[in-house]
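Residue strings, one per chain:
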Amino acid sequence: MEFLIEILKAIILGIIQGITEWLPISSTGHMILVDEFLHLAGGETFVELFLVVVQFGSILAVVLMYFNRLNPFSKRKSISEKKETINLWIKILIACVPAGIIGVLFNDQIKAWFFNPPVISITLIVYGIGFIVIERRKRRPVINHLNEITSVKAAQIGVFQMLALIPGTSRSGATIMGSTLLGLNRRTASEFSFFLAIPVMLGASLLDLVRYDGILTIQNIVVLAVGMFTAFIVSIIAIKMLLSYIRKHSFEIFGYYRIILGAIVFVYFVVIPFFI
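Now for a description of the structure that goes with this document. (Residues numbered from 1 in each chain as written. Predicted model: local features only at pLDDT ≥ 70, side-chain atom pairs only at ≥ 80, totals over all residues. Heavy atoms only, no water.)

What follows deals with the overall build of the chain. What the chain contains, in helices and strands, is 11 helices and zero strands. When the helices and strands of the chain are listed from N to C terminus, the series reads α-α-α-α-α-α-α-α-α-α-α. Relative to the globule expectation of 19 Å for 276 residues, the C-alpha radius of gyration of the chain, 19 Å, shows essentially globular dimensions. For the chain, the spread of C-alpha atoms along the principal axes amounts to about 55 × 45 × 35 Å. Sorting the 276 residues of the chain into buried and exposed places 48% on the buried side. Within the chain, contacts between residues separated by at least 24 positions form 83% of all contacts whose residues are at least 6 apart in sequence. (Helix = DSSP H or I, 4+ residues; strand = E, 2+ residues; numbered from the N terminus. Rg over C-alpha atoms; globule rule 2.2 N^0.38 Å. Buried < 20%, exposed > 50% of the residue type's maximum accessible area, 1.4 Å probe, protein only. Contact = heavy atoms within 4.5 Å.)

Below is the structure:
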């Protein structure tokens, strides 16, 4: 019975990961709330490993959905299309440099200083307001295709992605918001954000996996597999729904959602404990 409960927890966490990783609403903000009520067995080290492994599910979803577009060796592509794909990867890697450098150099300090409810609630609210303000500017996008993104633009988007090292910001939220400020339309900004996730999340996950020194049981492996598979399926659904939604709608609703979630995190973790 206890094992089935752990499986159920893995499914719930996989669903949350699959949704919040791609929508600009902060997976960390949601995870910290859920962790208050839903505790995986296996200790803190295993929980950290679980959160890393479910990210692999999300990464695999993007790779599968965009495999042909991201594969420079596809036989279905012409020489010019292959060069275009290679150029896209170069821009993706350029955009990953700022966050990669800061993340490697200051990973421990960032976790020690910023991984707490007050910071998360503030970043949720601040960037939520940012989304609303940006969407109400009504500026016409000047970049409507991925091949129009220059190396300079990619580096600038990478600076915005660096902001997401602070929890509550949301990696997709920071890159999408930064991209729209730089003139990308919503779909192009979202897709570029999806592609940036592949090296960023893969690198961060591998770094955490190398540090893991625990012993995995058969039950733990099953829990990890269930969480990863759930995140994989839900990620595909979430990405398709987001791309469908932004064809006719703005990101403004996500701004309001972030503000509400930030207020909930602040009240639950800061205000209520103050009076108890």
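This part is about the pattern of salt bridges. Taken as a whole and assessed by the stated rule, the structure comprises six salt bridges. In this structure, the salt-bridge partner of Arg69 is Glu191, at a minimum N-O distance of 3.2 Å. One end of the pair, Arg69, is in helix H4 (residues 67-70); the other, Glu191, is in helix H9 (residues 186-211), with 122 residues separating them in the sequence. Take Arg69: its relative accessible area is 36%, and that puts it in the partly exposed class. One network of salt bridges, in which partners are shared, links Arg69, Arg187 and Glu191. (Salt bridge = Lys/Arg side-chain N within 4 Å of Asp/Glu carboxyl O.)

Right, let's get into unusual backbone geometry. Even without glycine at this site, Ser26 takes up a positive phi of about 75 degrees. Its location among the elements puts Ser26 in the loop between helix H1 (2-20) and helix H2 (27-37). Residue Ser26 is classed as buried on the basis of its relative accessible area of 1%. Unlike most non-glycine residues, Ser170 shows phi in positive territory, near 85 degrees.

Where helix H3 (residues 43-65) meets helix H10 (residues 218-245), the closest approach of the two axes is 7 Å, and the angle between their N-to-C directions is 40 degrees. If you check the angle between H3 and H10, you find them oblique. By crossing handedness, the relation of H3 to H10 is classed as right-handed. (Axes fitted to C-alpha atoms, helices over the stretch in contact; angles between N-to-C directions. Parallel < 35°, antiparallel > 145°, perpendicular 65-115°, else oblique. Left-handed = near helix turned anticlockwise from the far one by under 90°.)

Bringing the nonpolar core into the picture now. Counting 39 residues, the largest nonpolar core has Val62, Tyr66, Ile92, Phe192, Phe194 and Phe195 as the members making the most contacts within it. For this core, the secondary structure elements donating two or more residues are H3, helix H5 (79-114), helix H6 (117-135), helix H7 (151-163), helix H8 (171-181), H9 and H10. Looking at which element gives the most residues to this core, the answer is H9, with eight residues. With residues near it in sequence (within four places) discarded, Val62 still touches Trp22, Phe194, Phe195, Ile198 and Ile239. Membership of the second largest hydrophobic core comes to 17 residues, among which are Ala10, Phe46, Val53 and Ala231. (Core = buried A, V, L, I, M, F, W, Y, C linked by side-chain atoms within 4.5 Å.)

The full count for this structure, using the stated rule, is 10 aromatic pairs. Geometrically, the ring pair formed by Tyr245 and Phe254 is edge-to-face, given 5.9 Å between the ring centres and 70 degrees between the ring planes. Assessed through its relative accessible area of 26%, Tyr245 is described here as partly exposed. Their ring planes at 75 degrees and their centres at 4.9 Å tell us that Tyr268 and Phe269 sit as a pair that is edge-to-face. Classification of Phe269 as buried rests on a relative accessible area of 18%. (Phe/Tyr/Trp six-rings, centres within 6.5 Å; stacked < 30°, edge-to-face > 60°.)

Geometry only, nothing functional implied.
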